[in-house]
Amino acid sequence: MLKTVTYDIAIVGGGLAGLSLAIQAAKAGYSTALYEKEVYPFSKVCGEYISLESKDFLASLGVDIDALQLPVINKLNVTDVAGKAYPFSLPLGGFGISRYMLDHLLFKIALQHGVHVFTNTRVENVVFNNNKFTVTTNKHQNLATIAAGCFGKRSSMDVKLKRPFVKNRSGGLQNYIGIKYHIKYPHANDLIELHNFKDGYCGISRIEGDKCCLCYLTTASNLKASGNSIKKMEEEILGQNPHLEKIFSTADFLYDKPLAISKISFSKKSQVEDHILMLGDAAGLITPLCGNGMSMAMHASKLAFEQMDAYLKKDISRADMEAMYSENWKENFGKRLVVGRLVQRLFGNNTSTALFLKLIHKSKWLSNKLIQSTHGQPF
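Residues numbered from 1 in each chain as written. Predicted model: local features only at pLDDT ≥ 70, side-chain atom pairs only at ≥ 80, totals over all residues. Heavy atoms only, no water.

Asker: Quick one: what's the story with the overall build of the chain, residue by residue and with numbers?
Answerer: The helix and strand tally for the chain stands at 12 helices and 17 strands. Its C-alpha atoms give the chain a radius of gyration of 20 Å, within 12% of the compact-globule value 21 Å for 379 residues. With respect to the principal axes defined by its C-alpha atoms, the chain has extents near 60 × 40 × 35 Å. Within the chain, the fraction of its 379 residues that count as buried is 56%. Relative to all contacts within the chain whose residues are 6 or more apart in sequence, the contacts with residues 24 or more apart total 71%. Side-chain charges in the chain split into 45 positive and 33 negative, and the spacing between the mean points of these groups amounts to 4 Å. (Helix = DSSP H or I, 4+ residues; strand = E, 2+ residues; numbered from the N terminus. Rg over C-alpha atoms; globule rule 2.2 N^0.38 Å. Buried < 20%, exposed > 50% of the residue type's maximum accessible area, 1.4 Å probe, protein only. Contact = heavy atoms within 4.5 Å. Lys, Arg positive; Asp, Glu negative; His and termini not counted. Charge placed at Lys NZ, Arg CZ, Asp CG, Glu CD.)

Asker: Please give an account of the packing of helix H9 (residues 293–312) against helix H10 (residues 318–346) that cites residues and values.
Answerer: Contact geometry for H9 and H10: axes closest at 9 Å, N-to-C directions at 160 degrees. Taken together, the axes of H9 and H10 lie roughly antiparallel to each other. As for the relative orientation of H9 and H10, their crossing is right-handed in sense. Taking contact as the criterion, the partners of Met296, His299, Ala300, Leu303, Ala304, Gln307, Met308 and Tyr311 in H9 are, on H10, Arg318, Met321, Met324, Tyr325, Asn328, Trp329, Asn332, Phe333, Arg336 and Leu337. Residue composition of the contact of H9 with H10, by class: 12 nonpolar, four polar and two charged. (Axes fitted to C-alpha atoms, helices over the stretch in contact; angles between N-to-C directions. Parallel < 35°, antiparallel > 145°, perpendicular 65-115°, else oblique. Left-handed = near helix turned anticlockwise from the far one by under 90°. Nonpolar A, V, L, I, M, F, W, Y, C, P; charged D, E, K, R; others polar.)

Asker: So what about the state of the cysteines? Which residues, and what values?
Answerer: Enumeration over the complete set of coordinates arrives at zero disulfides. Cys212 carries a free sulfur, and the closest cysteine sulfur to it, the one in Cys213, is 8.7 Å from it. (Disulfide = S-S within 2.5 Å.)

Asker: So, the nonpolar core: which residues are in play, and what are the values?
Answerer: In terms of nonpolar packing, the biggest core is built from 76 residues, with Leu106, Val126, Leu279 and Met308 touching the most fellow members. If one sorts the elements of this core by residue count, H9 sits on top with 12 residues. Leave out the neighbours within four places in its chain, and Leu106 touches Leu16, Leu19, Ser20, Ile23, Leu58, Leu61 and Val63. Listed in part, the 22 residues of the second largest apolar core include Tyr49, Leu194, Val343 and Ile360. (Core = buried A, V, L, I, M, F, W, Y, C linked by side-chain atoms within 4.5 Å.)

Asker: Any details on the packing of aromatic side chains? Residues and values, ideally.
Answerer: One pass over the structure, following the stated rule, counts 14 aromatic pairs. Aromatic side chains Phe57 and Phe379 sit 5.1 Å apart centroid to centroid with 40 degrees between the ring planes, which places their arrangement in the tilted category. Of this pair, Phe57 sits in helix H2 (residues 55–61) while Phe379 sits in the segment after helix H12 (364–373); the two residues are 322 residues apart in sequence, bridging distant segments of the chain. Taking relative accessible area as the criterion, Phe379 reaches 15% and is therefore assigned buried. Where Phe197 meets Tyr216, the ring centres are 6.0 Å apart and the plane angle is 85 degrees; that geometry is what we call edge-to-face. Of the two residues, Phe197 is situated in strand S11 (residues 191–197) and Tyr216 in strand S13 (residues 211–219); the sequence distance between them amounts to 19 residues. By relative accessible area, which is 2% here, Tyr216 ends up buried. Aromatic ring contacts, followed pair by pair, group Tyr181, Phe197, Tyr216, Phe248 and Phe253 into a single cluster. Lys84 extends its terminal NZ or CZ atom over the ring of Tyr86, reaching a point 5.5 Å from the ring centre. (Phe/Tyr/Trp six-rings, centres within 6.5 Å; stacked < 30°, edge-to-face > 60°. Lys NZ or Arg CZ within 6 Å of the ring centre and 35° of its normal.)

Asker: How would you sum up the packing of helix H11 (residues 350–362) against H12? Please name residues and give values.
Answerer: Following both chains from N to C, one finds H11 and H12 inclined at 110 degrees, their axes separated by 5 Å at the closest point. The angle between H11 and H12 falls in the class roughly perpendicular. Along its contact with H11, which presents Phe356, Leu359, Ile360 and Lys362, the element H12 presents Lys364, Leu366, Ser367 and Leu370. Here the residues of the contact of H11 with H12 sort into five nonpolar, one polar and two charged.

Fair warning: the whole summary comes from geometry, so function is off the table for now.
Shown next as structure tokens:
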């Protein structure tokens, strides 16, 4: 058992939110521990499109996006279940980069700034007592003044904390599954496509290294109806959209098997649980069709650190830190999540999807307004 250490900030989860928060904290001189169950570099289920609202913030962390020569994406093409295409422009635009590359870059920057990164380490519990957190892992136990939960879409920590959305298994925003591949496929550099199919949709866009990210979201019931066979589901359900049938039958798939995640919930979540500040998907998950979860995760890390910094400097109380972070989070992301949930209900349906796409395609003002409502300003 390693010696117990007390940190200013302990971060559970080493994705974009966790790594971004860790770098900010360490650069400000705070002792910081980050716990990640995997070993970098590794892939994650993710659409891998990042809105340009995040570019300046990534530069402040030490990531030079221009130097990476990534595909710049400013066009959107959406097809309905039957395959009819509706083109749109992306006013702000974004870029494509794999989580494998970006998370690894941020991990190396975190190490350079002195973050204590514990990889291959699973956090078993975080308990608040006497104004301190005890962080217990499968390897050791440490203490921290502040704890942040950055553990993604679904975690055993959600169950441990008895979060309401875990207990509520009913409703139309529960129990989704996500599947991701990297593929070689002749796809335009500046284009992201969303292809609808029965009870789901699939995105494809370019990332680094002449590769594409192919990622889709659907219901657990679709998989069950396919005998729990992902391949059969792709052939019989996704394949009903001719664009997806072409991709799945002609692309060069670079993974031996797909990356998958289950029991994804888009239900409302709280931004603070038992004094732990929640960031990224742990605070609230925007539907993938909005293409902006990664930007939200990084922006949330900035919002959280501003309040953590004030608390550690004794400028505000813990209660103020928690309340102000939650308020700022809702102010920046609350409406985006609501719009995402509403749009999600209209996708993956033969009739409603086609009608909705026809409507917004006819009105450039409406389509721009909708896209802007799911994106933020540079931060």
